[in-house]
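Chain residues, written in single-letter form:
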Amino acid sequence: MCRFVAYRGAPVLMDRLLYLPRNSLINQSFRAREREEPLNGDGFGVGWYAPEIEETPAVFSSIQPAWNNRNLRNLSPKIRSGTILAHVRAATHGRVSEANCHPFSYGKLLFMHNGAIAGFNVIKRALRTRLPDSIYDWIKGDTDSEHFFALILQHLDPHGDLTLEQMSAAFVDALQELTELLDEHDIDRPFTMNGLLTDGERIVASRYISDESAEPNTLYHSSRGAFECVDGKCRIVPGKPEDDCVLVVSEKLTDAAEHWHPVPGNHMILLEGDLSLDVRPISV
C-alpha cells in the first residue's frame, strides 16, 4: 500500500526527511509501523522543485528498494528544496518498473498515491476512453495511480497558474468519475485513495475509502513550525515564520505525537502557498 512524505516550506535538505528521523521514509520502506505488511521495497521516487531554475519539477526514481540505493543516499544530503515529495512503493496494480514509480509528473504537477483501486483492470479500458489524446498519450506505465492522476489532469491546465480550489475540485471530480466507472462495471469492492497533488506551491491530499464503514489508510499533517534535525534528533519547533513548514505523511516521522494530526477519514487537506491549512470533508 506504499508510504509517502510531502514537505512544503522553508528549503530543507532532502536527507532530513528520508534518512534522519526516527521513523524516516527509508525506515518505512522496510519497517513501516502503520500497515500490516511492513515492506515497501518495489521501488521509490523523489520529486522536488527548483523554481529559480525551472518551474517544472525534477524526479528521480528507481526500482531498487529505497534502503539499498546508493545514489539516493549520496544525493539526498545535497538537494535542498522548499517542496519535496518522496514515495516508497509496495506494488498492487502494475509491474515493478521505473514507469510505475511515484511521484508522477505532468507539467508543473506531481502526484503520488497510497492505496489501491479494486477492479482497476476491469475499468482500465473505459477509463482511458475518457481521456483527451494529450493525456492518453502521456501515460507511460500501467498503475491504477497514474491513471487516476490522468483523470485529475483532464480537469486542469497543468501549465497554467492554478488555485487551490481548482486543484481540489479536479481531485474530487476525478474521484466522482472513478466511482461512476466502478459502478458501471458492478465493482462493489472498496477502493482507497490517499493521494497527494502539488504544483510546487500548493498541496491537495486525500484520506479516502469508498466504503465509509471501513477505515482508510493512515494520513497525518504536521503542526506548522521549523523542522529541525540536530545530533540525530528531529523535531518541529516554533520559530520565525520564514523558517516554517508543513508536512503531509503516511506515518509520523517522529515520536512527538503532539506534532502530528491525523486526517479524519474521507477528508481532504488543502495547503496554501502561505502554509495556511484547511481540512474539509470529501463529498462524492
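To be clear, the structure that these remarks concern was listed above.
Report on the accompanying structure.

The rules behind these values
- Residues numbered from 1 in each chain as written.
- Predicted model: local features only at pLDDT ≥ 70, side-chain atom pairs only at ≥ 80, totals over all residues.
- Heavy atoms only, no water.
- Pairing = 2+ DSSP bridges.
- Helix = DSSP H or I, 4+ residues; strand = E, 2+ residues; numbered from the N terminus.
- Buried < 20%, exposed > 50% of the residue type's maximum accessible area, 1.4 Å probe, protein only.
- Phe/Tyr/Trp six-rings, centres within 6.5 Å; stacked < 30°, edge-to-face > 60°.
- Lys NZ or Arg CZ within 6 Å of the ring centre and 35° of its normal.

## Remarks on the pairing of strand 3 (residues 54-62)
Thought 1: With 6 bridges connecting them, strand 2 (residues 44-50) and strand 3 associate as antiparallel partners. Residue pairing across strands places Val46 opposite Phe60, the latter belonging to strand 3.
Thought 2: From the end of strand 2 to the start of strand 3, which pair antiparallel, there are 3 residues.

## Looking at unusual backbone geometry
Thought 1: Cis geometry marks the peptide bond from His102 to Pro103, where omega comes out at -5 degrees.
Thought 2: Here Pro103 lies in the loop between strand 4 (80-88) and strand 5 (104-106).
Thought 3: Unusually for a residue other than glycine, Asp186 sits at a positive phi of about 55 degrees.
Thought 4: If you trace the backbone, Asp186 turns up in the loop between helix 7 (164-184) and strand 7 (194-198).
Thought 5: Classification of Asp186 by relative accessible area gives exposed; the value is 68%.
Thought 6: Its identity is not glycine, yet Leu275 carries a phi of approximately 75 degrees, on the positive side.
Thought 7: Take Leu275: it is sitting in the loop between strand 14 (267-271) and strand 15 (277-281).

## Examining the packing of aromatic side chains
For any two aromatic rings, the description comes down to two numbers: the centre-to-centre distance and the angle of the planes.
Thought 1: Across all of its chains, the model carries 9 aromatic pairs by this definition.
Thought 2: Between Phe111 and Phe149, the ring centres sit 5.3 Å apart and the planes meet at 15 degrees, which makes this aromatic pair stacked. Remark: Phe149 occurs in helix 6 (residues 144-153) and Phe111 occurs in strand 6 (residues 109-114); sequence separation between them is 38 residues. The residues Phe111 and Phe149 share a single accessibility class, namely buried.
Thought 3: Judged by centre distance (5.5 Å) and plane angle (85 degrees), the rings of Trp138 and Phe149 are edge-to-face. Here Phe149 lies in helix 6 and Trp138 lies in helix 5 (residues 133-138), a separation of 11 residues in the sequence.
Thought 4: Against the face of Tyr136 rests Arg128, its NZ or CZ located 4.3 Å from the ring centre.

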